[in-house]
Amino acid sequence: MELLMAIVIGILFMAAVYLILSRSLLKIILGTGLLSHGAHLLILTMGGLGGTSPPVLADGVTDYADPLPQALILTAIVISFGVTAFILVLAYRTYAEHKTDDMNLMRGDDEHD
Amino acid sequence: MGFVLLIFLPIVAALFIPLLFKYLKGIHTGWFVLFVPIALFIYYAGFITTTMDGGHKVSELQWIPSLGISFVSYIDGLSLLFTLLITGIGALVVLYSIFYLDKDREKLNNFYIYLLIFMSAMLGVVQSDNVISLYLFWELTSISSFLLIGYWNTRDRSRFGALKSMMITVFGGLMMLGGFVLLGIMGDSFSIRELIANSSSFIGHEFFTLALILVLLGAFTKSAQFPFYIWLPDAMEAPTPVSAYLHSATMVKAGLYLVARFTPIFAVSEVWIWLVTGIGLLTLFWGSLFAVKQTDLKAILAFSTVSQLGLIMSLLGASAVAYHSDDAIFKFAAFAAIFHLINHATFKGSLFMIAGIIDHETGTRDIRKLGGLMSIMPVSFTVAFIGSMSMAGLPPFNGFLSKEMFFQSMLALRNFELFNFATWGILFPVIAWVASVFTFIYSFYFVFKTFTGRNKVDKLPKKPHEAPVGMLVAPVILATLVVGIFFIPNLVGKWLVKPAVMAIQPGLYSHPSEVDVHVAAWHDFASPELWMTIALVGLGVVLYLTMTKWRKLYDIQPHYLSLNVLYDSMMMLSENGMNRLSRFYMTGLIRTYLMYMFAFIASITTATLFLKNAFIVDMDSFTAVSVYGIMTAIILVAAVVMVILAKTRLAAIIALGAVGYSVSLFFVIFKAPDLALTQLVIETVSVALFLLAFQRLPALKTHGETKRNRLGNAIIAAAVGITVTLVALSAHSQKMIPSISQYYKDTVATEAGGGNIVNVILVDYRGFDTLFEIAVLAVAGIGVLAMIRLQLARKEAKDENK
Amino acid sequence: MKTNDVILQTTTKVVFFIIFLFSIHIFFAGHYSPGGGFVGGLLTTGAIVLLLLAFDLKTVQKALPFNFTIMTGIGLLLALGTASGSIFFDVPFFTHAFSHFNLPLFGETSLHTAMIFDAGVYLVVVGAAITMIQTIGGDT
C-alpha cells in the first residue's frame, strides 16, 4: 500500500508543480490545492499506514493507527483552507486591478522593486 | 580593567552626542566633544616617562579567547607618539570645527559622532597588539572616513569621493587581513609582539613574501601611496577640519604606522626595502609634481600630503636597511621618518586649517580667484607662511631639519651595497632632490598666490575679513609648534622620537638613549645636503617665478591616460558586469524563480539521497494493498488529470473537489476518522468558496504558452514528483528515533483524561500548534476582509470625488 | 434571475438544524470519539453555507445577527485565556486540568479545561470561515 501511496503522492506533486509553473493565475491556485493534498498524504504515508483501528481508545484494542501524523494533518487541512481562501481573493483582486491573469505581464520592473 | 577601555571612550561619548545636540541647542556640541581628546591627551601624556625609559605598558581585554583574539592596548614609544598625535591634533581640530561648522545649519550630531568613532578606531589601530583587532579598527577608520567625507551627502562630489576612498582603502584592508592571517599561520599567534619575537623563523617560509606584499597593500592604500593615492584628492570634499585631521595628520599615517610596526618582521627582505623605499620615493615625486598643477587650495594640499607621505615612507624603507648595514645613517633614517611625521602633522594641519579659513571667509578655494589677502588676513597669512616655508624645507622651521635628514639618508643609500643598490642607489638622492624642488615650488605657490599679488577682493563671492579669534587658535598653536620644534629638536627627539625609533628597530637598542642622533640645523660647509638645499632654493625660486610659462607642459598628459580614468572605468565595468549578471537570472518572473527553487529542491534532495546512501526501501514493512485503496487511487489520479486538462473553470473546480473527496476516502481507509470528517467538510466549504468567487475569477487561458515552456515545466514537475516519491518511500522505511506516538497512546487516558488521541494531541499535548494555527486562520480571515473592504472603501472615496 | 427554490429552501430549514445540532454533538464528543472543535466548527460553517446557498446573504445575516469577525477574536481570546489560565495555578503554560463529576441528569461526567480551549477553536473556525465567505460573497 505504501508503494501505491508514494506513487499517488508523486503524481499529486507532479501535477501541482506543473500547474504552479503555468502562466494563469487560476491554475496556480488549483496547483496549490493539489500540493496541500499531496503534502497531507505524504505525512500520513511517512508515518506508516499500519494499524487496524482508529486512534480512539477502545476496550481490547491495542493496534491503533499512528495518531501523531493525523493530528498534524488535521492542523494542516484547516490551514490550507485558510490559505486557499486567502490566495483566491488575492488572485481575483489582482485580476480586477490589473485586468490580466497572465503571470508574465505581472513581472516586477525597476520602478516597483 | 586597564587603560584598554579608554580606546572606547570616544565611542561611548558619541552615544551622548544626539542628546546633547537635541536638548542643548544653545551650546555648540563641539564644546562637549572637546573634553574627550583633551582628557585623553593629558592621560596618555603621562606615559611619556615610561616610554622614555624604553618601557611599555600593556592592558588586555579578552574578546574571543578561543581564537586568540583580544583587545590589547600596547603602548610603547611608537604607539604613544601616534596616540598623542591623534588626541592632540584631535583636540585642536575639534576646537577649530566649533567655529568652522555653524551650529544652526549643520547636522553637528552626525559630524561629531563620526569624528568620535574615528578617534576610537584610530586609537585602536595604533595601540592594538592583536592583528585581528587591529584590522577591525583599521576598517572602522575607513568607514568613519567614508561617513565624514560624505558628510555633505547632498553633494555628488562628496558621495563620489566617499565611495572612492572606501573602495580603495577597504580593498587594501582586506588584503592586509589576508597578510595578517598568513602571519598568524607562520607565527602561530596574532600578537604583534610574539610575531616579532618569532620573526626569525619566517624567513624562507613560502608565505613570507606573500604576507609582506599583502600587508604593504594595506599600508599603501591607506597612506595614499602610488598608485592608490587617487582617493585622497577626492576625499577633500570633506569638511576642512576632517581633511586636516583624517587626511593629513592621522588616518593616512596609519599606513606609515603599519610599515613602522612591521619593519622588525619584514626588514630582512629585499622586497620590503625596495618596495617601501621605491614606492615611497615615487609617490614623493609624483605627488609634488602634480601638486603644482592644481588650482584648488585643498587639492594642492592633498597632493602635497601624498608627496610627504611618500617621503616618510621612503625613510622608513631606508631605516629597514639598518638590519643589513652597520652604517649608523640608516638608524638615523628611522629617526628622520618619525621626526618628519611629527613635523608634517604640525605644518600640514595648520595649512589645512588656513585653507579652510580662506574658504570660509572668501567663499572660494580656487587659487586663480584669490590674491592679495595678506593685508586683510594678516594672522592667517603669518600662519600660512610659517607652514609653507616649513613644508618647503627652509629654516628656521622644523621642516628644514627633517628635510636635511632625509637628504642625508637618501645620499647614504648610494653607498649601500646589497640588493643591487650599488647600481641603482644613485637614483634615490636624485629623485629626492627633484621632488624637493617641486615641493618648494608648490609651497611658494600655495602661500604667495593666495596672499600676495594683485588684490582680487572685489570678485570674490564674499567680502573677506580676518577669521574669528576662536578659529585662529588652533592653527596658531600648530604654527608655534612649527617654529618651536626647530629650536628644541633634540628635546622632542628624546621625549617622543627616540622611544618610537626603538619600536621600529627593537633589536638594535636596549634603551632609547642609545639612538645616537643629534639633530642640528648647521653642519658645515662641506656637507652635501647643505649644497643640495642651496641649489634647491635657487632652482625653486627661478621655476616659481617662471611658473606660468612651463605649467602648460602638464597639458601634455592626455586626459584618458590617468589613474582616475582607470579607476572610473574599472568601477563602470564591474557595475555593468554585475548588473548584466543579475539581470541574466533575475527575470522578474515568478515562474523563473519557482523553477530555480523546484529544480534545486529536486536535485539537492535526490543527490543527498543517493550520495548518503539514504535511499532504503524496506518492502517488509509495507502493509497489504487493499482493493478500496486501488480504486480510490484510480479515482484520485483521474481527478488530478482532469484538473490539468480541464478547459473550463467549472470543470477544474469540480475536479479539484473530486481530488479532495478521494483524499478523504483515503483517510477513511487509513483509519483516520477525524481527518476524513474534516476533509469532507472542508472540501464542501472550499468548493462553495470557489463557486462564490467564480464570477470574478479569470477564465482558464494558456496565454500562449509555447510547447517548449510546457515541456520545461513538465520536466521540472516530473523531477519534483519523483523526488517526493523517493523521499516518501525512504522516510517510511527508516526511522531515526522511535516515534512519540506510543507515549501518547499510553498516557492519553491517565494524563489527559481523553479517548480520542488525535483530538487530545490537538488540544492538549500539542496545544501550542493549535493555538497558533487558529491565529493563522484568523489572520487569513482578516486578510480576506481587508483586501475586499479596503478596495470598497477606495471605490467609495473615488465616487465622492466625482 | 429568479429561480424557484421552494424545495431547496424548505429542506434547508430542516437540514440546517440537523447539521447544526450534529455539529454541536460532534464538538462535545470530540474528546472521546472522532470530532472536536475543528470538525464541529467546520460542520457549523457547512450548515451556514447551505443557508447561504438556499437563501441570500442578507436573509442569512438577518437570521444570524452575529459579527463573525468579532467571534473570531472571542475564540482566540478564549483559547489563549485557557492556555494562560494555568499560570495562575502555578503550573506551566498550557497545562490542562480535568476531573470527573457526578452531575444530576448527565450521570458520571468528566469536565475538561481542554473543552474550553476547544470551544475557542470552534469559534475561530466558524468566525474566520464565515467571515471569508461573507466578504467574498458580499463583494460586488
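Going by an unreviewed UniProt entry, chain C carries the name Multicomponent Na+:H+ antiporter subunit B and comes from Sporosarcina limicola. Here is the UniProt Subcellular location (unreviewed entry) comment for chain C, exactly as written: "Cell membrane".

Chain A carries the name Multicomponent Na+:H+ antiporter subunit C in an unreviewed UniProt entry, which gives Sporosarcina limicola as its organism. UniProt lists a comment for chain A under the heading Subcellular location (unreviewed entry), and it reads "Cell membrane". Word for word, the UniProt comment on chain A under Sequence similarities (unreviewed entry) is "Belongs to the CPA3 antiporters (TC 2.A.63) subunit C family."

The next point concerns the overall build of chain C. Helix and strand counts for chain C stand at five helices and two strands. Reading the secondary structure of chain C in the N-to-C direction produces α-α-α-α-β-β-α. Buried residues in chain C amount to 44% of all 140 residues. For chain C, the proportion of contacts with a sequence separation of at least 24, taken over those separated by at least 6, is 63%. In the form shown here, chain C has an accessible surface area of approximately 7,500 Å², with 73% of it arising from carbon and sulfur atoms.

On to the interface of chain A and chain C. Contact with chain A, which involves eight residues of that partner, is made by nine residues of chain C. In total, about 760 Å² of surface goes out of reach between chain A and chain C, with carbon and sulfur atoms giving 85% of it. Our count for the chain A to chain C interface comes out at zero salt bridges. Where chain A packs against chain C, one counts zero residue pairs in polar contact (both at pLDDT 80 or more). Its residues assigned to classes, the side of chain A that touches chain C comprises seven nonpolar, one polar and no charged.

For the coordinates displayed, the defined rule picks out five cavities of 30 Å³ or more. Taken together, 17 residues line the largest cavity, and the ones lying closest to its centre are Gly 33, His 37 and Thr 84 of chain A together with Glu 683 and Ser 686 of chain B. Those elements that provide at least two residues to the lining of the largest cavity are helix H2 (25-47) and helix H3 (67-98) of chain A together with helix H27 (649-669) and helix H28 (673-692) of chain B. Tallying contributions element by element places H28 of chain B first for the lining of the largest cavity, with six residues. Looking at the second largest cavity, its volume works out to about 80 Å³. Lining of the second largest cavity is provided by Leu 284, Gln 308, Leu 311, His 340, Ser 390, Met 391, Ala 392, Gly 393, Gly 399, Lys 403, Ser 436 and Thr 439 of chain B. Going through the elements one at a time, helix H14 (297-320), helix H16 (378-392), helix H17 (398-413) and helix H19 (427-451) of chain B are the ones with two or more residues in the lining of the second largest cavity.

All names here are of chain B. With their axes 12 Å apart at the nearest point, helix H6 (residues 131-149) and helix H12 (residues 254-266) run at an angle of 165° to one another. With respect to H12, the axis of H6 lies roughly antiparallel. When the axes of H6 and H12 are compared, the crossing they make is left-handed. Of the residues in H12, those in contact with Val 131, Leu 134 and Trp 138 of H6 are Ala 254, Gly 255, Leu 258 and Phe 262.

Residue and element names in this part refer to chain B. Within the structure shown, the criterion is met by 49 aromatic pairs over all chains. Ring geometry for Trp 63 versus Phe 71: centroids 5.0 Å apart, planes at 20°, classification stacked. The class for Trp 63 is partly exposed, based on a relative accessible area of 39%. Of the residues examined, Phe 71 reaches a relative accessible area of 11% and is grouped as buried. Aromatic pair Tyr 743 and Tyr 765: ring centres 6.2 Å apart, planes at 55°, arrangement tilted. Separated by 22 residues along the polypeptide, Tyr 743 in helix H30 (residues 741-747) and Tyr 765 in helix H31 (residues 757-765) bring together distant segments of the chain. Take Tyr 743: its relative accessible area is 43%, and that puts it in the partly exposed class. Taking relative accessible area as the criterion, Tyr 765 reaches 23% and is therefore assigned partly exposed.

Right, let's talk about the pairing of strand E2 (residues 69-75) of chain B for a bit. Residues and elements named next belong to chain B. For E2, a buried count of seven out of seven residues is recorded, marking the element as mostly surrounded by other parts of the structure. Alternating positions in E2 separate into two faces, Ile 69, Phe 71, Ser 73 and Ile 75 on one and Ser 70, Val 72 and Tyr 74 on the other, with burial throughout. Taken together, the seven bridges between strand E1 (residues 57-64) and E2 define a ladder with antiparallel strand orientation. Considered in E2, the bridge of Val 58 is made with Tyr 74. What sits between E1 and E2 in their antiparallel hairpin is a turn of four residues, with Gly 68 showing a positive phi close to 70°.

Moving on to the pattern of salt bridges. Residue and element names in this part refer to chain B. Counting across every chain of the model gives twelve salt bridges over all chains. Among the salt bridges present, the one from Arg 105 reaches Asp 102, with a minimum N-O distance of 3.4 Å. The exposed category is assigned to Arg 105, whose relative accessible area is 68%. Between Asp 129 and Arg 193 there is a salt bridge, with the nearest N and O atoms lying 3.2 Å from each other. Taken together, the residues Asp 129 in the loop between helix H5 (108-127) and H6 and Arg 193 in helix H8 (residues 192-198) connect sequence positions 64 residues apart. For Asp 129, a relative accessible area of 3% gives the class buried. Its relative accessible area of 33% is what places Arg 193 among the partly exposed residues. A single salt-bridge network, built from bridges that share partners, covers Arg 157, Lys 164 and Asp 234.

About the criteria used
- Residues numbered from 1 in each chain as written.
- Chains lettered and ligands numbered in written order.
- Predicted model: local features only at pLDDT ≥ 70, side-chain atom pairs only at ≥ 80, totals over all residues.
- Heavy atoms only, no water.
- UniProt positions renumbered as here; feature names shortened; annotations may be inferred.
- Helix = DSSP H or I, 4+ residues; strand = E, 2+ residues; numbered from the N terminus.
- Buried < 20%, exposed > 50% of the residue type's maximum accessible area, 1.4 Å probe, protein only.
- Contact = heavy atoms within 4.5 Å.
- Areas by Shrake-Rupley, 256 points an atom, 1.4 Å probe, with all protein chains shown as cover.
- Buried area = accessible area lost by both parts, 1.4 Å probe.
- Salt bridge = Lys/Arg side-chain N within 4 Å of Asp/Glu carboxyl O.
- Polar contact = N/O pair within 3.5 Å; in protein donor to acceptor, adjacent residues only side chain to side chain.
- Nonpolar A, V, L, I, M, F, W, Y, C, P; charged D, E, K, R; others polar.
- 1 Å grid on protein atoms, 1.4 Å probe; cavity = no way out; pocket = protein on both sides within 12 Å on 5 of 7 lines; lining within 4 Å.
- Points joined across faces, edges and corners; volume = space filled by probe spheres on them.
- Axes fitted to C-alpha atoms, helices over the stretch in contact; angles between N-to-C directions.
- Parallel < 35°, antiparallel > 145°, perpendicular 65-115°, else oblique.
- Left-handed = near helix turned anticlockwise from the far one by under 90°.
- Phe/Tyr/Trp six-rings, centres within 6.5 Å; stacked < 30°, edge-to-face > 60°.
- Pairing = 2+ DSSP bridges.

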